[in-house]
Amino acid sequence: MSLSYIKRILLVLIVTFSTVEMAAQDIHFTQFYASPITLNPAMTGMMNGCYRGAVNYRNQYPELYSYSTIAASFDMPMFRGMLGSDFAGFGVMLFNDRQGTGSLNNLSIMGSAAYHKALDRSGRIMVSIGVQGGWVHKSINFAQLTFESQLVGQEFDITMPNGEAIEDNAINYLDLRMGGMITARASDQLDLYGGFGYYHITEPTESFLGSDNKLGKRLVGHAGATIRPSSKLSISPNVIYMTQTAAQLLVIGANFGFHFNDSRRSGSESALYLGGAYRHQDALTVLLGAEFSGFKFGLSYDLNVFSDLQRASNSQGGAEFSLVYEFDCEPMGRRGYPPVTCPRF
């Protein structure tokens, strides 16, 4: 094992162990708009169809020290047609994040609820609030990690003591988050939305080393629009900002849609999407997406060209895949349901 490779491993271990003893930034997806419940609890049930299922997968630095994340969610609107233009939303979400060869694993199961309040009779402007809570299980396999105390010359001797005061290799806690959102259909050519999320409200304690380490609150702000200059074209600019303890994230991007029909009914749209984004001081992202018969596919890749980790990662980034299905169980307008303005590709 070369010294340069050892340095690369140690650098990534530092990043990994920032989640073990210090507060670090939560997992997040590049295609955040394709993972609505993980983005903002207020988006629960916000759709034109009758239910929605989503699967998101991300694999980062596969040739160096793989970080893989998978999330699955299901949500649906409730009480539509019973509360005027208002309605509620309920859903469940599961995600599992694995850092390294099973070294650090995060399994979370959450339930979500939201209420969507129309500010006008036609529901063109809506304010939404949502809550989300559930169980988090984190575990770590210390036998698969190497430590500075095990470095002998230019190689690691994993039979040597790691020198860490390990108290437990698994922790469990309850977590609570909330969010708010406003959506507006300014015209048939312009939809606008903006929202915020507030995560880890109770600041749960998490540590494998017995310290009183609290998980820092995370604040999220996101906004975007869908602009339709013609029936066949759409432009969807989007921005997201996150902050958690000393970590910050800013992503600015836009996706361009090429539509094969002029229908606005969910479930009948056919389109191709091309997009890109800039993650501040970190990466560039390219995206290819498609929509057909209620399915939305997205494939993106991050090019790690700006961050301090560029040398260790050899400019590798993260590949990400999303699949969303929205079931259009009722023809639009059959019960007078107003169309919902929600983020798209």
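Residues numbered from 1 in each chain as written. Predicted model: local features only at pLDDT ≥ 70, side-chain atom pairs only at ≥ 80, totals over all residues. Heavy atoms only, no water.

Peer 1: Go over the overall build of the protein with me, naming the residues and quoting the values.
Peer 2: Secondary structure assignment for the protein yields three helices and 16 strands. For the protein, contacts bridging at least 24 residues in sequence account for 60% of all contacts bridging at least 6. Total accessible area on the protein is roughly 15900 Å²; 63% of this is exposed by carbon and sulfur atoms. (Helix = DSSP H or I, 4+ residues; strand = E, 2+ residues; numbered from the N terminus. Contact = heavy atoms within 4.5 Å. Areas by Shrake-Rupley, 256 points an atom, 1.4 Å probe, with all protein chains shown as cover.)

Peer 1: Which residues make up unusual backbone geometry, and what are the values?
Peer 2: A positive phi is found at Phe 79, a non-glycine position, where the angle reads about 65°. With respect to the element layout, Phe 79 can be found in strand 2 (residues 67–83). Even without being glycine, Thr 245 reaches a positive phi, approximately 50°.

Peer 1: Tell me about a nonpolar patch on the surface, and please be specific about residues and values.
Peer 2: Nonpolar side chains collect at one region of the surface, where Val 55, Tyr 57, Ile 70, Phe 295, Phe 297, Leu 299 and Phe 321 lie side by side and expose about 590 Å² of accessible area between them. Breaking the nonpolar patch down by element, the ones donating at least two residues are strand 1 (51–60) and strand 15 (295–304). In terms of residues, the nonpolar patch owes the most to one element, strand 15, which gives three residues. Along the polypeptide, Phe 297 turns up in strand 15. (Patch = residues over 30% accessible without salt bridge, like charges linked within 9 Å, V, L, I, M, F, W, Y side chains within 5 Å. Salt bridge = Lys/Arg side-chain N within 4 Å of Asp/Glu carboxyl O.)

Peer 1: Account for the nonpolar core, with residues named and values stated.
Peer 2: It is characteristic of soluble globular proteins that their nonpolar side chains tend to be buried jointly. Of all hydrophobic cores here, the largest spans 24 residues; its most connected members are Leu 39, Met 181, Val 220 and Ile 240. Only strand 9 (190–199), strand 11 (233–244) and strand 12 (247–259) provide two or more residues apiece to this core. Leaving out residues up to four positions away in the same chain, Leu 39 has contacts with Phe 32, Tyr 199, Val 220, His 222 and Ile 240. Core analysis: the second largest hydrophobic core is formed by nine residues, Ile 37, Val 136, Tyr 173 and Leu 215 among them. (Core = buried A, V, L, I, M, F, W, Y, C linked by side-chain atoms within 4.5 Å. Buried < 20%, exposed > 50% of the residue type's maximum accessible area, 1.4 Å probe, protein only.)

Peer 1: I'd like a rundown of the pairing of strand 3 (residues 86–99), residues and numbers included.
Peer 2: Side chains on a regular strand alternate between the two faces of the sheet. For strand 3, the tally of buried residues reaches 10 of 14 residues, placing the bulk of the element in the interior. Across 13 bridges, the pairing between strand 2 and strand 3 is antiparallel. Bridge assignment links Met 78 to a residue of strand 3, and that residue is Ala 88. Hairpin connection, strand 2 to strand 3: the antiparallel pair is bridged by two residues, and Gly 84 has positive phi, about 70°. (Pairing = 2+ DSSP bridges.)

Peer 1: Give me the lowdown on the confidence of the model for the protein, citing residues and values where you can.
Peer 2: For the protein, per-residue confidence averages 83 on the pLDDT scale, and residues scoring 70 or more make up 81% of the total. Note on residues 1–24: pLDDT is under 50 here. Beyond four places in sequence and across chains, it has 51 contacts. (pLDDT = per-residue confidence, 0-100.)

Peer 1: Could you give me a rundown of the side chain of Arg 58, with the residues and numbers involved?
Peer 2: In this fold, Arg 58 is placed in strand 1. A distance of 3.0 Å separates the side chain of Arg 58 from the side chain of Glu 320, its partner in a polar contact. Beyond its immediate chain neighbours, meaning those up to four positions away, Arg 58 contacts His 28, Phe 29, Thr 30, Tyr 67, Ser 68, Thr 69, Arg 279, Asp 302, Gly 318, Ala 319 and Glu 320. (Polar contact = N/O pair within 3.5 Å; in protein donor to acceptor, adjacent residues only side chain to side chain.)

Peer 1: Got a sec to walk through the packing of aromatic side chains? Specific residues and values, please.
Peer 2: Applying the stated criterion across every chain yields a total of six aromatic pairs. Aromatic pair Tyr 51 and Phe 327: ring centres 5.0 Å apart, planes at 20°, arrangement stacked. Of this pair, Tyr 51 sits in strand 1 while Phe 327 sits in strand 16 (residues 318–327); the two residues are 276 residues apart in sequence, bridging distant segments of the chain. Given a relative accessible area of 31%, Tyr 51 falls into the partly exposed group. On the basis of an interplanar angle of 40° and a centroid distance of 6.5 Å, the ring pair of Tyr 325 and Phe 327 is categorised as tilted. For Tyr 325, a relative accessible area of 26% corresponds to the partly exposed category. Across from the ring centre of Phe 87, 4.9 Å away, lies the NZ or CZ of Arg 80, which sits over that ring. Its end group placed over the ring of Tyr 199, Arg 218 keeps NZ or CZ at 4.0 Å from the ring centre. (Phe/Tyr/Trp six-rings, centres within 6.5 Å; stacked < 30°, edge-to-face > 60°. Lys NZ or Arg CZ within 6 Å of the ring centre and 35° of its normal.)

Peer 1: Describe the pairing of strand 11, naming the residues involved and giving the relevant values.
Peer 2: With nine bridges connecting them, strand 10 (residues 218–230) and strand 11 associate as antiparallel partners. In the strand pairing of strand 11, Gly 221 is matched with Tyr 241. In this structure, the hairpin formed by strand 10 and strand 11 is closed by a connection of two residues. Summarising the sheet, strand 11 and strand 12 pair through 12 bridges and their orientation is antiparallel. Pairing of Tyr 241 across the sheet is with Leu 250, part of strand 12.

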